[in-house]
Amino acid sequence: MSSVLLDGQAPRSVVAARSPEAVAAAIADARHGRRGLVAVGGGTLVEHGNLLRTDSWDHLDLSPMDAVIDYSPADTVVTAQAGITLAALQELLGSHGQMLPFDAPLPGRATLGGLFASNATGTLQAAFGRPRDRALGLRAVLGTGEAVRFGGQTVKNVAGYDMVRLLAGSRGSLAVVTELTVRACARPEADTWQAYEGRSLPALLEAARLLRNSPERPTATIIDLSGCLYLRLTGMEAAVAWATDLCRKTAAIAGCTEVEPPFSPQELVDRRSESDAPCLARIIAPAGALDAVLAAAHAIGAVGHIDVGTGICELALPDPPALPLLEALSTHAVVVTWPRLPIALKRERDVWGPSRNDAPLQARVKEALDPDGVLSPGRNVGHL
Amino acid sequence: MPAPYDLSPANIASLASELRQLLGEAYVLAEAADLLAYDCDAYTMHKATPQLVVMPSSTDDVVAVVRACRRRNIPVIPRGAGTGLSGGATAIHGGVIVSLIRMDGILSIDLPNRRAVVQAGCMNLAITRAAAGTGFHYAPDPSSQSACTIAGNVAENASGPHTLKYGMTAHHIAALRIVLPDGTIVDLGSGLEESTGLDLVGFTVGSEGTLGIITEVTVRLTPDPQAVRTLLAVFETVEDCTQTVTQIIASGLLPCAIEMIDKVILQALEDAFRLGFPRDAAAVLLIELDDPEAAIDIAADRADAICRSNHAREVRRATTTAEREGLWLARKKGVGTTGRLASSIVTQDGVIPRSRLPEALRRVAEIAAAHGIRVCNIFHAGDGNLHPCVLFDERDLDELHRVEKANDEIIAMCVELGGTISGEHGIGIEKLHHMPLVVGAAEAAAMHRVRRAFDPDDECNPGKLVPLPSAYGTGTAP
């Protein structure tokens, strides 16, 4: 893999990790040399972070660690190294009628470890949860250089603190995860994707709310700011057929017209990663604030989509000066984060949004597992 | 050992005086007779009497209590309803039990966001009752849900029969307000679908009250099921029964519960309630499905067919609420019914990968036979969460010794089969000595380091959940 640039900054070196021992050696080397170490899988989400707190860093490439360690279809549990791509894992699971309900961007590049580190998925998140909800166990190397194993292979497990959840979404700031055990699920019998157009974006939002709370319970209810409401329905064939029919009727009552979907679910989630916009926002909003988010997004000419089921809004902004308009949404209890920003704008803010009253605690937890601040220094919340 | 605490009578008396002024006379218990009721939770094998029990009514009260304790170097032990099964609320090193039962309010129910904010001592079932008629409920349903508190559920990461489809407590907590041992109030999580930063909510769930005192909980509300079917399948062999469990999950069906009851308990149930179960059946499966009305009978037919293809002698299907409650009666009364079989019962809580169920049940029977003790089984089969009930007479010291050895072997067997030592009852003090089977020295040390980010001086519920490094020789990760 070629090295990634973080905010224009090239690594001192690229270290290809082929074993947990190599990961431990890379961490030891970085500690010794007082450098930062940034673990990278497929690199699809790596740009989301604050500016590195160091000029000297190594890029730890985990993509060579891509083996499947164990797969028990009867238990719907699979263990694989962190560098395996989502597409490769889905192919294996698919051969047994199973899947991981993670439709993250760019599955041919996105890795299992990267998904866990970012705790991100796509249109299936509202119904199936996030990677942290399906991770049962892991092996990792802590920032101290210690190789550890947390969790196990069973869904229920209350033996000790839940270090798996602590590491999920920690973006490589506490440990480098080398292996994960995750719970798969059966592929749904039916999986449909519908699209509707309406009079206006606010009208689509009203329709989306109606549908989300309807007995049909769509798996995904997503508004594309280009003026399209997408519905995904999954489950048993009979249930999906019934729900599809009811959704059409409900959408019609809400004044929406069914159209051929301009994008597939995967294309929709891929668009953000493939965007060349200078600013990308990821906004997490309570249900009542989505009107305000929609209005602000429309006012600044943003493109992207709003997942009404989760309140997560992925927006691409054509114009950096529009940032304050979105950041003002925090008065609505909205959290605005910035997966991509020009360096000058990153210098002025925490890309994860304003800190909360748990910031000192977050810092102490970071110090407990990465006392020298080697792993992704400065990139996480609060510039940790 | 945790740091030495000052539990001298003078120090305790000084604390009691201060807290009486703060909370009122009625809410500070110091008399031996009053304290006796707090010498253990529902795990009664080990007891320890606290020096005081206090009952705050607000987060500010809790702050004042922990600060007063801290100034005097006295540990605090949070406690909900005391229904825990592993001694998590037992004051094993002495100290002040902080009972949260007065903080039982439901602060808000937010249906558009599917959230409820409740105080720590709110009873689990009270949330669902408060949401009745809205189309939503609180999903985790431990068997003690009509008594246990939400913060107790958070502390233990509680689960119940419907965990199979809806997940454990950890899946249903969106935010927490916690008072750290230094008196700092911290809000963990945003309550939204995602929170930025480290998942300290996820870390706190299951922490057994060792990080601080939870005072408020934001829970997720789950839509009510549209249609429910409950099946009860009767099997002539345990192997057929366990094979059915594996095949149902592999078929793509996702029942909300699959519970198994064995012959010993079935017979006790028949003696007690005359439910009409065949006395010669080896085991029954209670299978519950919830799906849209359009699909529910198709799902039930598929589950029924899988049972019959595995030689189920009979499959009963409940279609009304009354019929459903009748079938669940067997599950809900099952453990209690074992009281007819022996004067003492210990219910184990091991987990194995679901596919190993046949082997695990066979080995439980072998272990029981080897030690000459009686064991029966009623458990969450869909999750592979075993609950072997060991029947004994605690006055018989030889039998007691054999029971302890059998328990240890059952737990070790679960680990050997790829499982773990507790699925839902917690570690507390009961299973600390089993922890090295699943958590190595480096892992335990890392857990303690993170714990100390919350509680640097071991002031909150010391001696629980994770053994101190001294318990490990040169142990390594398993």
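Trainee: Before we move on, could you go through the overall build of chain B and cite the residues and values that matter?
Mentor: For chain B, the helix and strand inventory stands at 14 helices and 20 strands. Relative to the 2.2 N^0.38 estimate, which gives 23 Å for 478 residues, the radius of gyration of chain B is 23 Å and therefore close to what a compact globule would have. Across its three principal directions, the C-alpha atoms of chain B cover 70 × 60 × 45 Å. Counting only residues that meet the buried cut, chain B has 60% of its 478 residues in that class. Taking all contacts inside chain B whose residues are at least 6 apart in sequence as the whole, residues at least 24 apart take part in 73%. Of the accessible surface of chain B, which amounts to about 16,500 Å², a share of 52% is contributed by carbon and sulfur atoms. Taking the 41 positively charged and 59 negatively charged side chains of chain B as two groups, their mean positions are separated by 2 Å.

Trainee: I'd love a proper account of the sheet that holds strand β3 (residues 76-79) of chain B, names of residues and values included.
Mentor: Residue and element names in this part refer to chain B. The sheet built from four strands is open, its strands ordered β1-β2-β4-β3 with mixed pairing. Of all strands in the sheet, those with a lone pairing partner are β1 (28-29) and β3, marking the two edges. Pairing of strand β2 (residues 52-54) with strand β4 (residues 96-99), which is carried by three bridges, proceeds in the parallel orientation. Its bridge partner being in β4, Val54 is matched across the sheet by Val98. Where helix α1 (residues 9-23) meets the sheet, its contacts fall on β1, β2 and β4, and the angle it forms with β2 comes to roughly 15°.

Trainee: I'd like a rundown of the interface of chain A and chain B, residues and numbers included.
Mentor: Facing the 67 residues of chain A at the interface are 79 residues of chain B. Summed over both sides, the interface between chain A and chain B buries roughly 6,100 Å², with carbon and sulfur atoms accounting for 57% of that surface. Summed over the three residues of chain A that lose the most area to chain B, namely Lys156, Val158 and Tyr161 of chain A, the buried surface amounts to 16% of that side. One salt bridge in this structure joins Lys156 of chain A and Glu424 of chain B, with 3.0 Å as the shortest N-O distance. The interface formed by chain A and chain B contains 26 residue pairs in polar contact (both at pLDDT 80 or more). Only β8 (147-151), α5 (163-167), α7 (237-253), β15 (279-284), β18 (335-340) and α12 (359-369) of chain A provide two or more residues apiece to the side of chain A that touches chain B. Ranked by residues supplied to the side of chain A that touches chain B, first place goes to α12 of chain A with seven residues.

Trainee: With reference to specific residues and values, describe the packing of helix α8 (residues 238-250) of chain B against helix α12 (residues 357-371) of chain B.
Mentor: Residue and element names in this part refer to chain B. Look at α8 against α12: their axes get within 9 Å of each other, and the N-to-C directions meet at 145°. Classified by chirality, the crossing of α12 by α8 is right-handed. Residues Val238, Thr242 and Val245 of α8 touch α12, and the partners they reach there are Leu357, Pro358 and Leu361. Of the residues belonging to the contact of α8 with α12, the class tally is five nonpolar, one polar and no charged.

Trainee: Describe helix α2 (residues 86-94) of chain A, with residues and values.
Mentor: Residues and elements named next belong to chain A. Along α2, the residues that are buried comprise Leu86, Leu89, Gln90 and Leu93. For α2, the arc enclosing every buried residue in end-on projection is 100°, short of the 170-degree limit, so these residues lie on one face. Each element contacted by the buried residues of α2 is listed here: β4 (68-72), β5 (77-81), β6 (98-99) and α3 (112-118).

Trainee: Talk me through empty space enclosed by the protein; I want residue IDs and the actual numbers.
Mentor: All names here are of chain A. Per the counting criterion, the structure on display carries four cavities of 30 Å³ or more. If you add up the space inside the second largest cavity, you get close to 430 Å³. What lines the second largest cavity is a set of 33 residues, among which Ala39, Gly114, Ala117, Arg171 and Gly172 lie closest to the centre. Residue assignment for the lining of the second largest cavity shows that the elements contributing at least two residues are β2 (36-40), α3 and β9 (175-183).

Trainee: Any chance you could break down the side chain of Glu208 of chain B for me, citing the residues and the numbers?
Mentor: Residue and element names in this part refer to chain B. Counting through the fold element by element, Glu208 comes out in the loop between α7 (200-204) and β10 (213-220). The buried charged residue Glu208 lacks any salt bridge partner; its closest oppositely charged side chain belongs to Lys464, at an N-O distance of 7.1 Å. For Glu208, the contacting residues outside a window of four places in its chain are Ser86, Gly88, Ala155, Glu156, Gly426, Ile427, Gly428, Asn461, Lys464 and Leu465.

The rules behind each value
Residues numbered from 1 in each chain as written. Chains lettered and ligands numbered in written order. Predicted model: local features only at pLDDT ≥ 70, side-chain atom pairs only at ≥ 80, totals over all residues. Heavy atoms only, no water. Helix = DSSP H or I, 4+ residues; strand = E, 2+ residues; numbered from the N terminus. Rg over C-alpha atoms; globule rule 2.2 N^0.38 Å. Buried < 20%, exposed > 50% of the residue type's maximum accessible area, 1.4 Å probe, protein only. Contact = heavy atoms within 4.5 Å. Areas by Shrake-Rupley, 256 points an atom, 1.4 Å probe, with all protein chains shown as cover. Lys, Arg positive; Asp, Glu negative; His and termini not counted. Charge placed at Lys NZ, Arg CZ, Asp CG, Glu CD. Pairing = 2+ DSSP bridges. Axes fitted to C-alpha atoms, helices over the stretch in contact; angles between N-to-C directions. Buried area = accessible area lost by both parts, 1.4 Å probe. Salt bridge = Lys/Arg side-chain N within 4 Å of Asp/Glu carboxyl O. Polar contact = N/O pair within 3.5 Å; in protein donor to acceptor, adjacent residues only side chain to side chain. Left-handed = near helix turned anticlockwise from the far one by under 90°. Nonpolar A, V, L, I, M, F, W, Y, C, P; charged D, E, K, R; others polar. Arc of directions from axis to C-beta. 1 Å grid on protein atoms, 1.4 Å probe; cavity = no way out; pocket = protein on both sides within 12 Å on 5 of 7 lines; lining within 4 Å. Points joined across faces, edges and corners; volume = space filled by probe spheres on them.

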